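Each chain is listed here by its residues.
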Amino acid sequence: MSIDLDSLRADTRGTVTGPTDPGYDDARAVRNGMIDKRPEVVVRPANAGDVMTAVRFAADHGLSVAVRGGAHSVPGFGTADAAVVVDLSAMRDVRVDPVTRTARVAGGATWGDLNAATYPFGLATTGGIISTTGVGGLTLGGGIGYLARGLGLSLDNLVAADVVTADGTFHVASEKDDADLFWAIRGGGGNFGVVTSFEFRLSPVKDVYGGPIFFELDRAGDLFRLYREFIADAPEQFGGFPAYQIAPPLPFIPEERHGTTLALMVACWAGDLDKGEQVLKPFRDLAPSVAEMVGPMPYPALNSAFDDLYPVGLRHYWKASFATELTDEAIAAHVEHGSKVPAMTSTMHIYPINGACNDVAPDATAFAYRDASFATVIAGMWPDAADDERNTAWVRDYYEAIAPHSEEGGYINFMAGDDQDRIRANYKGNYDRLQQVKAKYDPGNLFRHNQNITPA
């Protein structure tokens, strides 16, 4: 299908790139190197009006809309064949109001953009683990990160959002206005429209005490058992997680250990810095560390510490699950499969989502797993297409081994493109209401390039 883009260009302040235009291949690319889609057009809006124009253009021409923020979507949902891609990367402004402790964040901003704006004020809100991640995608799917046990998920700190829905109209959604839409976008992903701006509540967080501690691989089971007991009643200012990691060539890791598979504890203490060493003592007492880089640091430094491990173009395949308990059987599965991590850029993390995350009722937002304590991600990331089969098999085998010890649903931000059959389980009792909201705001499923909720 070939569509005349002249009218779209005339009505758009930002850029419009079609298949015959210079830069099309760059414009259609996303971070996951496995994704190779050819959209009908890529619109990079300059403002919310451009977004409205692009959405209306898609609807008028019978095209779907793929929305791209930070482009970190593992299944590559920020692009699609024969679609209108709305690439928000030119809309990255962040405005902080230190009096009300809020931030207005444009839809294409990354967590690095937000952290850079809030840090000078000594303020922050829950972000992710990688600072190049888009604020929008992370928040709409939940928002698990270092500060979640103390501040709640990213979506729990959302005060209001500007949303362009499938008919091209503009909504300011909050608890007071378009409350059903506001409920749905807090966990329902990009199913309901394009969010052009977010308003977040901020909290006093400036410097934290933390960093990575590497242990010998044979201490992984001990680390998981300690973590299980520690996190159950740890102060809510603690947000660390255990992981598996092939040691990268970093200066603080002994050169002879580079390339060795190790157990890892990533610590983040957002309370009084003077108490950080005491809080981390149980992990220091577990075993001698192979390497560590722990101490006081700006929160944005910790939030960006792993950015360089995940450059654009890696091939991605992930699986995710929630768990209410980290059982002995689950730990045994982690020990068996995590030790086989196949690439330096692949990993497994077990994030804690108790504390403040559990203080919200399961039906208060679309994010339903408020009784879960852990969110596990098995993240396969590797550079060479020749290794696709080996790496995806590792992820699948690992996931199947922990599934009997996990909840049925998982965190949508960490799921692969072949997880569509888990959508209802991801939302438990909230799914039927989500379908109703979808039918109200997007009855034709214009926004279907996501973990898709079909209209009721």
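Below or above, wherever it landed, is the structure these notes cover.

## Side note on the sheet that holds strand 1 (residues 15-17)
Logical step 1: Read across the sheet, four strands follow the order 1-2-4-3 without closing on themselves; strand pairing throughout is mixed. Both outer strands of the open sheet, strand 1 and strand 3 (65-68), are each paired with one neighbouring strand and no more. Taking each pair of neighbouring strands and ignoring which way they run, the sheet shows an average axis angle of 20°.
Logical step 2: Two elements, strand 3 and strand 4 (residues 84-87), share four bridges in a ladder whose sense is parallel. Looking at strand 4, one finds that valine 67 is bridged to valine 86.
Logical step 3: In the packing of helix 3 (residues 48-60) onto the sheet, contacts are made with strand 2 (41-44), strand 3 and strand 4, and the angle to strand 4 comes to roughly 170°.

## A look at helix 8 (residues 220-232)
Logical step 1: In this model helix 8 runs 18 Å from its N-terminal to its C-terminal C-alpha over 13 residues, within 8% of the 18 Å that 1.5 Å per residue would give.
Logical step 2: Every buried residue belonging to helix 8 is among Ala220, Gly221, Leu223, Phe224, Tyr227, Phe230 and Ile231, and all of these are buried.

## Concerning the sheet that holds strand 5 (residues 94-97)
Logical step 1: The strand order across the open sheet formed by five strands is 5-6-10-8-9, and the pairing between neighbours is antiparallel. What marks the edges here is a single partner per strand, and that holds for strand 5 and strand 9 (170-174). Across the sheet, the mean angle separating the axes of adjacent strands is 15° when strand polarity is ignored.
Logical step 2: Bridge analysis of strand 8 (residues 158-164) against strand 9 gives five bridges, and the strand direction is antiparallel. Note on strand 9: the bridge partner recorded for aspartate 162 is valine 172.
Logical step 3: Along the sheet face, helix 4 (residues 111-118) touches strand 5, strand 6 (102-106) and strand 10 (194-201) and points at about 35° away from the line of strand 5.

Criteria and cut-off values
Every chain's residues receive numbers from 1 upward, in the order its sequence appears when written. Residue-level local features of this predicted model are given only where pLDDT is at least 70; pairs of side-chain atoms are given and counted only at 80 or more, and the full residue set underlies all totals for whole chains, interfaces and linings. In computing side-chain properties, one takes all heavy atoms of the structure into account and sets aside hydrogens as well as water. DSSP-based pairing: two strands are paired if at least 2 bridges between them are found. Numbering of helices and strands runs from the N terminus; a helix is a DSSP stretch of H or I covering at least four residues, while a strand is a stretch of E covering at least two. What counts as an axis is a line fitted to C-alpha atoms, over the stretch in contact for a helix, and the angles between N-to-C directions run from 0 to 180 degrees. Two residues form a contact once any of their heavy atoms are found within 4.5 Å. To estimate how far a helix should reach, multiply one less than its number of residues by 1.5 Å. Classification of residues uses two cut-offs on accessible area relative to the type maximum, computed with a 1.4 Å probe and protein chains only: under 20% is buried, over 50% is exposed, and between them is partly exposed.

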